[in-house]
Amino acid sequence: MCVTVAQSNLAAKRLNQKYNEKNHMSIAFVILAAGKGTRMQSDLPKALHQLGGASLLHHTIRSGQDLNPNRTIVVASNQDSEQIKQEANKINTAIEVITQEHQYGTAHAVSVTKAALADFKGNVIILYADTPLITSQSLKAMINSRSKYDIIVLGFEAQEPTGYGRLVMSGTTLDHIVEEKEANDPERAITLCNSGLLACDRKVLFDLINKVNNNNATKEYYLTDIVALAKSSGLSSTAVICNPEETLGINTREELATAESMFQSKKRIEVLKKGVTLIAPETVFFSFDTDIKQDVTIEPNVVFGPGVTIQSGAVIRSFSHLEGANIGSGCVVGPFARIRPDTILEEYAKIGNFVEVKAAQISKDAKINHLSYIGDTAVGEATNIGAGSITCNFDSVMKHRTTIGANAFIGSNTIIVAPVTIGDGAITASGTIVTKDVMPKDLVISRSKITVRHSGAERLRDILKLRAKAKRE
Ligand code: UD1
Ligand code: MG
């Protein structure tokens, strides 16, 4: 059964229902990530390269989340396992990482999880960490087909099948999979390809893997051989066909860029469908978890790092960068604003041009409209922070907090040296350096006395001209 992104909501609902009814079996994910990834030309393990603000591994794990897996095991190489463990731990501490010392092929990679899964009863789904665009619908369709077949392979119709294993079908039954290097001409002409994803009962999987040998062109243990082995043991296999876009494997930076562009296009459509206005969708970049509510307007050239939520009615103006922030309804951000992690803007707060905000709570109706840095700060309701004002939150060793009350007025170019508290309704005069607490309703001024010399400008210019002339002579 073909399951594509374009499937109607109703069909997707039915699929979910069918999946839930049938899924009384436990599920274990085995995610292969031990390949060398040499073509990425990188010191970073391939599975940790970023796509839409998260690692490829993160995307692969997320695609399976809806299936509530009982176990998730990542297979990593010796060299990469520490970094992969750290990332897996960040995603979910229950994820297990098992090391494959030598890379003898995909069947060998799965075999290293045999002991860990010895007591597991249920379906194992094999995924690749470098194939991050797989949808949960496809995984559910694979599990649904398990009631009729022993092995389910996720296939796709490739426009350019070169390099992929080919699915040799006999009606709806999958007869065997042939790798490109082993294929004869008629087999090479097949365009139905193997995505690499496979679902099978745990015991059947490891019994079949036991029988896989490496008598082939690359001397590798091919996981794909289990389909022919299943047939000779009287077991059946089939293919679930998915949208080819889901199966894009990342081997090069070029493919990573292609995947990013596919991810962004999909996310833009998702956001537009939710009732968000994107004036120039192709110039707005999202992260995997960007959550934007209806009637938000995003102007051109805006970038969302991970962890941003925007409530309805907010406007994000051009050339702004937001990360780890909750933007309340009716807020206006930008143009040219930088909103950094742990920032909360309450409703109708305004952040204007060339303003950077970090780890700050900006209350309702507060305004920071021009050229400011506000970090580690709480700003009270309806307070106005004047142009050029900054918080000095870092003393070169430690960070300190600033608290500014409600209805305060921070005059332009105020320097607030944290830790400091400025009370409700207080005013700081322009250019003031605030180094101690200011009580509510107080006015604070720190200024050097100004001196005006009448016609002093003219006299000074004459002196300077004389000096310049003397220098030339
Ligand atoms: C594999 C499939 C091929 C399919 C293609 C889809 C086999 C034999 N072939 O080929 O039918 O069309 O994927 O992209 O399975 N890995 C390990 N340990 C190893 C070897 C590989 O963890 O010893 C991991 C890699 O990191 C990768 C995945 O397994 O995530 C696939 O390995 P790769 O070498 O890319 O297989 P392909 O030759 O592309
Ligand atoms: Mg590959």
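Rules of the game
Counting of residues starts from 1 at the beginning of each chain's written sequence and follows it residue by residue. Labels are handed out in written order, letters beginning with A for the chains and numbers beginning with 1 for the ligands. Local features in this predicted model are restricted to residues whose pLDDT is 70 or higher, and side-chain atom pairs enter the listing and the counts only when it is 80 or higher, whereas totals over whole chains, interfaces and linings include all residues. To obtain the side-chain values, all non-hydrogen atoms of the structure were used and water was disregarded. Numbering goes from the N terminus for both helices and strands, where a helix is a DSSP run of H or I of at least four residues and a strand is a run of E of at least two. Atoms counted for the radius of gyration: C-alpha only. Globule rule: 2.2 Å times residue count to the power 0.38. The buried label goes to any residue with under 20% of its type's maximum accessible area, the exposed label to any with over 50%, and the partly exposed label to all in between, with areas taken from a 1.4 Å probe on protein chains only. In what follows, a contact means two residues having at least one pair of non-hydrogen atoms within 4.5 Å. To be clear on the numbers: accessible area is Shrake-Rupley with a 1.4 Å probe, and residue cover counts the displayed protein chains and nothing else. A positive count includes Lys and Arg, and a negative count includes Asp and Glu. His and the chain ends are not counted in either. One atom stands in for each charge, and that atom is NZ of Lys, CZ of Arg, CG of Asp or CD of Glu. When we say a residue is near a molecule or strand, we mean one of its heavy atoms is within 4 Å of it. Any N or O atom pair separated by 3.5 Å or less is treated as a polar contact, with the protein-specific requirement of one donor-capable and one acceptor-capable atom, and with residues adjacent in sequence counted only for side-chain atom pairs. Classes in brief: Ala, Val, Leu, Ile, Met, Phe, Trp, Tyr, Cys and Pro nonpolar; Asp, Glu, Lys and Arg charged; the others, Gly included, polar. By salt bridge we mean one thing: a side-chain nitrogen of Lys or Arg within 4 Å of a carboxyl oxygen of Asp or Glu. Here, nonpolar core refers to any group of buried Ala, Val, Leu, Ile, Met, Phe, Trp, Tyr and Cys residues whose side-chain atoms link them within 4.5 Å. Taken from the helix axis, the directions to the C-beta atoms give the arc we talk about. Note on ring pairs: Phe, Tyr and Trp rings are taken, using the six-membered ring of Trp, and paired if centres are within 6.5 Å. Classes follow the plane angle, with under 30 degrees stacked, over 60 edge-to-face and the rest tilted.

1. Some words on the overall build of the chain
Now for step 1: Along its length, the chain carries 10 helices and 36 strands.
Now for step 2: Taking 23 Å as the expected radius of gyration for a compact globule of 473 residues, we find that the chain reaches 30 Å, considerably beyond that expectation.
Now for step 3: By the burial criterion, 47% of the 473 residues in the chain qualify as buried.
Now for step 4: The long-range fraction of contacts in the chain, counting pairs at least 24 apart against all pairs at least 6 apart in sequence, stands at 44%.
Now for step 5: About 23,400 Å² of surface is accessible on the chain, with carbon and sulfur atoms providing 51% of the total.
Now for step 6: Between the mean site of the 52 positive side-chain charges and the mean site of the 49 negative ones, the chain shows a separation of 6 Å.

2. So, the site of ligand 1
Now for step 1: Looking at ligand 1, there are 19 residues lining it, with G35, Q100, T106, E179 and N194 nearest.
Now for step 2: Take A34: an N or O atom from its main chain is 2.9 Å from an oxygen atom of ligand 1.
Now for step 3: Between T106 and ligand 1, the recorded distance is 2.7 Å, taken from a side-chain N or O atom to an oxygen atom.
Now for step 4: Here ligand 1, which alone exposes 750 Å², has 81% of that area covered by the protein.
Now for step 5: Counting only elements with at least two residues in the shell around ligand 1, the list comes to β1 (26-33), α4 (106-111) and β10 (192-201).
Now for step 6: Looking at the shell around ligand 1 residue by residue, the class counts come to eight nonpolar, nine polar and two charged.

3. Some remarks on the pattern of salt bridges
Now for step 1: Tallying each qualifying case throughout the model produces 16 salt bridges.
Now for step 2: For E180, the salt bridge is made with R166, and the minimal N-O distance between the two is 2.6 Å. Remark: R166 occurs in strand β8 (residues 166-170) and E180 occurs in the loop between β9 (173-178) and α6 (185-188); sequence separation between them is 14 residues.
Now for step 3: For R166, a relative accessible area of 2% puts it in the buried group.

4. A short note on unusual backbone geometry
What you tend to see is this: most non-glycine residues have negative phi, and most peptide bonds are trans.
Now for step 1: Omega for the bond connecting G334 with P335 falls within 30 degrees of zero, at 5°, which places this linkage in the cis form.
Now for step 2: Position of P335 relative to the elements: it lies in the loop between β21 (332-333) and β22 (337-339).
Now for step 3: With an omega of 5°, the peptide bond running from A418 to P419 counts as cis.
Now for step 4: Among the secondary structure elements, P419 is positioned in the loop between β32 (415-417) and β33 (420-422).
Now for step 5: The phi angle at A359 is positive, at roughly 40°, despite the residue not being glycine.
Now for step 6: Residue classification places A359 among the buried residues on the basis of a relative accessible area of 15%.
Now for step 7: The backbone of K441 sits at a positive phi, close to 70°, despite the residue not being glycine.

5. Observations concerning the nonpolar core
Across soluble globular proteins, nonpolar side chains show a tendency to be buried alongside one another.
Now for step 1: If you look at the biggest cluster of nonpolar residues, it comprises 43 residues, and the most contacted ones within it are I298, F304, I310, L322, I327 and I362.
Now for step 2: Only β16 (302-304), β20 (325-327), β22, β25 (355-362), β27 (373-379) and β33 provide two or more residues apiece to this core.
Now for step 3: With four residues, β25 is the largest single contributor of residues to this core.
Now for step 4: Those residues in contact with I310 that sit more than four places away from it in its chain are D291, I292, K293, V296, F304, I316 and I327.

6. Quick notes on the environment of K364
Now for step 1: Turning to its location among the elements, K364 is positioned in the loop between β25 and β26 (367-370).
Now for step 2: Counting along the chain gives 98 residues from K364 to K266, while the straight-line C-alpha distance between them is 33 Å.
Now for step 3: Apart from the residues within four sequence positions on either side, K364 is in contact with E346, E347, E381 and A382.

7. Some words on helix α7 (residues 202-210)
Now for step 1: Three or more residues of α7 are buried, namely R202, L205, F206, L208 and I209. End-on, the buried residues of α7 take up no more than an arc of 160°, which puts them together on one face.
Now for step 2: Buried residues belonging to α7 abut α4, β6 (122-128), β7 (151-157), β10 and α8 (226-232).
Now for step 3: Measuring from the side-chain oxygen of the N-cap residue of α7 to the backbone nitrogen of K203 gives 3.1 Å; that N-cap residue is D201.

8. Details of the packing of aromatic side chains
Now for step 1: Evaluated as defined, the whole model comprises four aromatic pairs.
Now for step 2: Judged by centre distance (5.0 Å) and plane angle (85°), the ring pair of F156 and Y164 falls under edge-to-face.
Now for step 3: When its relative accessible area of 3% is taken as the criterion, F156 is described as buried.
Now for step 4: For the pair F336 and F354, a centre-to-centre distance of 5.1 Å together with 15° between the ring planes defines the contact as stacked.

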